[in-house]
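Descriptive analysis of the structure
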Amino acid sequence: MLKVAITLRLLLNYNKSYIDVNTEKDDSVNSYEKIAANSSADIRKATVTNAFSGAKKSTMVTIMLIVESMGFNMRDFGDQYDKITEKDIKEFKEFINKNKS
């Protein structure tokens with residue numbers, strides 16, 4: 001669950017940092033709300049939030065919809081997922097625990 005959450009956050013951060021210089025406005029999907037609205041299925045914002053928090057298990061269908069809503073494919077997801085280390089997971093757990101307090 002945590003590796004999935006970390007991977008989704010990495011992809012979202014990529015979208016947040018991306019600015020298309022050829023357009024006047026930023027149409028990238030860079031928030032939980034935009035992910036829910038951009039999905040081909042009817043995903044609730046709460047479902048998206050849960051996937052990014054790592055607090056609840058997400059189905060593979062949900063993960064696929066989120067990834068595709070952000071403009072990525074499952075290969076992009078898998079490439080990032082494979083790069084997650086135990087150190088990354090430990091740091092993410094600490095981040096979660098710190099924010100709960």
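The rules behind the values
- Residues numbered from 1 in each chain as written.
- Predicted model: local features only at pLDDT ≥ 70, side-chain atom pairs only at ≥ 80, totals over all residues.
- Heavy atoms only, no water.
- Core = buried A, V, L, I, M, F, W, Y, C linked by side-chain atoms within 4.5 Å.
- Buried < 20%, exposed > 50% of the residue type's maximum accessible area, 1.4 Å probe, protein only.
- Helix = DSSP H or I, 4+ residues; strand = E, 2+ residues; numbered from the N terminus.
- Contact = heavy atoms within 4.5 Å.
- Axes fitted to C-alpha atoms, helices over the stretch in contact; angles between N-to-C directions.
- Parallel < 35°, antiparallel > 145°, perpendicular 65-115°, else oblique.
- Nonpolar A, V, L, I, M, F, W, Y, C, P; charged D, E, K, R; others polar.
- Salt bridge = Lys/Arg side-chain N within 4 Å of Asp/Glu carboxyl O.
- pLDDT = per-residue confidence, 0-100.
- Phe/Tyr/Trp six-rings, centres within 6.5 Å; stacked < 30°, edge-to-face > 60°.

Core analysis: the largest hydrophobic core is formed by 18 residues, its most contacted members being Leu 8, Ile 35, Phe 52, Ile 66 and Met 70. When residues of this core are traced back to their parent elements, those giving at least two are helix H1 (2-17), helix H2 (32-38), helix H3 (45-53) and helix H4 (60-69). Once residues lying within four places of it in the same chain are set aside, the contact partners of Ile 35 are Leu 12, Val 29, Val 48, Phe 52, Ile 66, Ser 69 and Met 70. With seven residues, the next largest nonpolar core counts Leu 2, Ala 5, Phe 92 and Ile 96 among its residues.

The geometry of H1 relative to H3 is characterised by a closest axis approach of 6 Å and an angle of 110 degrees between their N-to-C directions. In terms of orientation, H1 lies roughly perpendicular with respect to H3. Residues Ala 5, Leu 8, Arg 9 and Leu 12 of H1 touch H3, and the partners they reach there are Ala 51, Phe 52 and Ser 53. Partitioned by chemical class, the residues of the contact of H1 with H3 number five nonpolar, one polar and one charged.

With that settled, consider the pattern of salt bridges. Tallied over the entire structure, the rule returns one salt bridge. Among the ionic pairs, Glu 91 bridges to Lys 87, the shortest N-O distance being 3.7 Å. Residue Glu 91 and its partner Lys 87 are located together in helix H6 (residues 86-100), separated by four residues, close to a single helical turn.

Helical periodicity: at 3.6 residues per turn, an α-helix aligns residues three or four positions apart in one direction. Restricting attention to buried positions, one finds in H4 the residues Thr 62, Ile 63, Leu 65, Ile 66, Val 67 and Ser 69. Each element contacted by the buried residues of H4 is listed here: H1, H2, H3 and helix H5 (74-83). Just downstream of H4, Gly 71 is the residue with a positive phi angle, here 90 degrees.

In this model, the protein chain carries a mean pLDDT of 88, and residues with pLDDT of at least 70 account for 90%. Of all the helices and strands in the protein chain, H2 carries the lowest mean pLDDT, 88, while H5 carries the highest, 97.

A few words now on the packing of aromatic side chains. Working definition: an aromatic ring pair is given by the centre-to-centre distance plus the angle between the planes. Tallied over the entire structure, the rule returns four aromatic pairs. An angle of 25 degrees between the planes, with centres 6.3 Å apart, marks the rings of Phe 92 and Phe 95 as stacked. You can see Phe 92 and its partner Phe 95 sitting in helix H6, three residues apart, about one turn around the helix. A relative accessible area of 7% places Phe 92 in the buried class.

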